[in-house]
Amino acid sequence: MSNTSDIFAKKLRLAVKESTIEVQEEARARHRYKTRTGALDRAVQSKFERRGLVGTVFINTGEAKYGAFVHEGTRPHTIFPKGRKALRFVKGSKFVFAKSVKHPGTHKDQFLFSALINKQERISRIFKKYTEESLEEVASGISGSGLSRTFTWRR
């Protein structure tokens, strides 16, 4: 029979991993920004540290360099050309050239935080499920050893 703490640690790892994936999927699915290439959706990634029992959902800026700007927003700022004499962009059906442009800034879309808030209830159910499973596994190990006890989990 496995050690009781080993059983609980295993189930806790599963709960953290499943919860992390839930938040990642929610962040990818529900946001206010307009998806054009899908790069920012792919940049919402997760990692799981087994030893510390930590799940992290983050924006991989290697996949979408602008991810932090979308999430945190930007202040109004001036854009200058890099390596050129002028900026070129389309306005209506014509090309416009300018030495600089005043950008009005962007509103933040903190979709990672929103995903965590939206999934709080689901995460509680996940942890409850794995806690009950670990208690059942411990109880079956005890009852199989000749001891008899009843375990219940209440929130």
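Relevant structure appears above.
Cut-offs and rules
- Along each chain, numbering runs from 1 in the same order as the chain's sequence is written.
- The model is predicted, so local features are restricted to residues of pLDDT at least 70 and side-chain atom pairs to those at 80 or more, both for listing and for counting; the totals for chains, interfaces and linings are taken over all residues.
- Water and hydrogen atoms play no part in the side-chain values, which are based on all heavy atoms of the structure.
- Numbering of helices and strands starts at the N terminus; helices are DSSP runs of H or I of at least 4 residues and strands are runs of E of at least 2.
- Each residue is placed in one exposure class: buried if its accessible area under a 1.4 Å probe, protein chains only, is under 20% of its type's maximum, exposed if it is over 50%, and partly exposed if it falls in between.
- Buried Ala, Val, Leu, Ile, Met, Phe, Trp, Tyr and Cys residues that are joined via side-chain atoms within 4.5 Å together make up what is termed a nonpolar core.
- Only heavy atoms enter the contact rule, under which two residues are in contact if any of them lie within 4.5 Å.
- Only centres within 6.5 Å qualify two rings of Phe, Tyr or Trp (six-membered ring in Trp) as a pair; their planes then separate them into stacked at under 30 degrees, edge-to-face at over 60, and tilted for everything else.
- Whether a charge lies above a ring is judged from NZ of Lys or CZ of Arg, which has to be within 6 Å of the ring centre and within 35 degrees of the ring normal.
- Between the N-to-C directions of two axes lies an angle of 0 to 180 degrees, each axis being a line fitted to C-alpha atoms and, for a helix, fitted only over the stretch in contact.
- Under this scheme an angle from 65 to 115 degrees is roughly perpendicular, one under 35 degrees roughly parallel, and one over 145 degrees roughly antiparallel; angles in between are oblique.
- Less than a right angle of anticlockwise turn of the near helix away from the far helix marks a crossing as left-handed, whereas a clockwise turn marks it as right-handed.
- Points on a 1 Å grid, built from protein atoms alone, make a cavity when a 1.4 Å probe fits but cannot get out and make a pocket when they are open with protein on both sides within 12 Å along at least 5 of 7 lines; residues with an atom within 4 Å of a point are the lining residues.
- Grid points are joined across faces, edges and corners, and a volume is the space filled by probe spheres set on the points.
- Note on residue categories: nonpolar means Ala, Val, Leu, Ile, Met, Phe, Trp, Tyr, Cys or Pro, charged means Asp, Glu, Lys or Arg, and polar means any other residue, Gly included.
- A pair of strands is treated as paired once DSSP finds two or more bridges between them.

Draft legend 1. Spotlight on the environment of Glu 49. Mapped onto the fold, Glu 49 is located in strand β1 (residues 44-49). Overall, Glu 49 belongs to the partly exposed group, its relative accessible area being 39%. Along the primary structure Glu 49 and Ala 64 are separated by 15 residues, whereas in three dimensions their C-alpha atoms are 23 Å apart.

Draft legend 2. View of the nonpolar core. Of all hydrophobic cores here, the largest spans 13 residues; its most connected members are Ala 27, Leu 40, Ile 59, Phe 111 and Leu 112. Those residues in contact with Leu 40 that sit more than four places away from it in its chain are Tyr 33, Ile 59, Ala 64, Tyr 66, Gly 67, Val 70 and Phe 111.

Draft legend 3. Geometry of the packing of aromatic side chains. Summed over the entire model, instances satisfying the criterion amount to 1 aromatic pair. Taking the ring centre of Phe 58 as reference, the NZ or CZ of Lys 47 above it sits at 5.9 Å. Between Arg 88 and the ring centre of Phe 95, over which it is positioned, the NZ or CZ distance is 4.3 Å.

Draft legend 4. Local environment of the packing of helix α1 (residues 4-29) against helix α4 (residues 111-118). As a packed pair, α1 and α4 sit with axes 8 Å apart at the nearest point and diverge in direction by 125°. It follows from the interaxial angle that α1 and α4 lie oblique. Read as a crossing pair, α1 and α4 show a hand that is right-handed. On the side of α1, the interface is formed by Val 23, Glu 26 and Ala 27, while α4 contributes Phe 111, Leu 112, Ala 115, Leu 116 and Asn 118.

Draft legend 5. Fine view of empty space enclosed by the protein. On inspection of all chains with the given rule, the structure shows 1 cavity of 30 Å³ or more. Breaking the lining of the largest cavity down by element, the ones donating at least two residues are α1 and α5 (120-144). Classifying every residue of the lining of the largest cavity gives 4 nonpolar, 1 polar and 1 charged.

Draft legend 6. Inspection of the layout of surface pockets at higher detail. By volume, the largest pocket amounts to about 520 Å³. Listing elements by their share of the lining of the largest pocket, those giving two or more residues are α2 (39-43), α3 (67-72) and β3 (77-79). Counted by class, the lining of the largest pocket contains 7 nonpolar, 8 polar and 5 charged residues. Lining the second largest pocket are Ser 19, Thr 20, Val 23, Gly 55, Thr 56, Val 57, Leu 112, Phe 113, Leu 116, Ile 123 and Phe 127. Put simply, the parts of the chain that give the lining of the second largest pocket at least two residues each are α1, β2 (54-59), α4 and α5. Of the residues assigned to the lining of the second largest pocket, the class counts are 7 nonpolar, 4 polar and no charged.

Draft legend 7. Highlighting the pairing of strand β4 (residues 87-91). Bridge analysis of β4 against strand β5 (residues 94-98) gives 5 bridges, and the strand direction is antiparallel. The partner of Lys 91 across the bridge, within β5, is Lys 94. Between the end of β4 and the start of β5, which pair antiparallel, lie 2 residues, with Gly 92 showing a positive phi angle near 70°.

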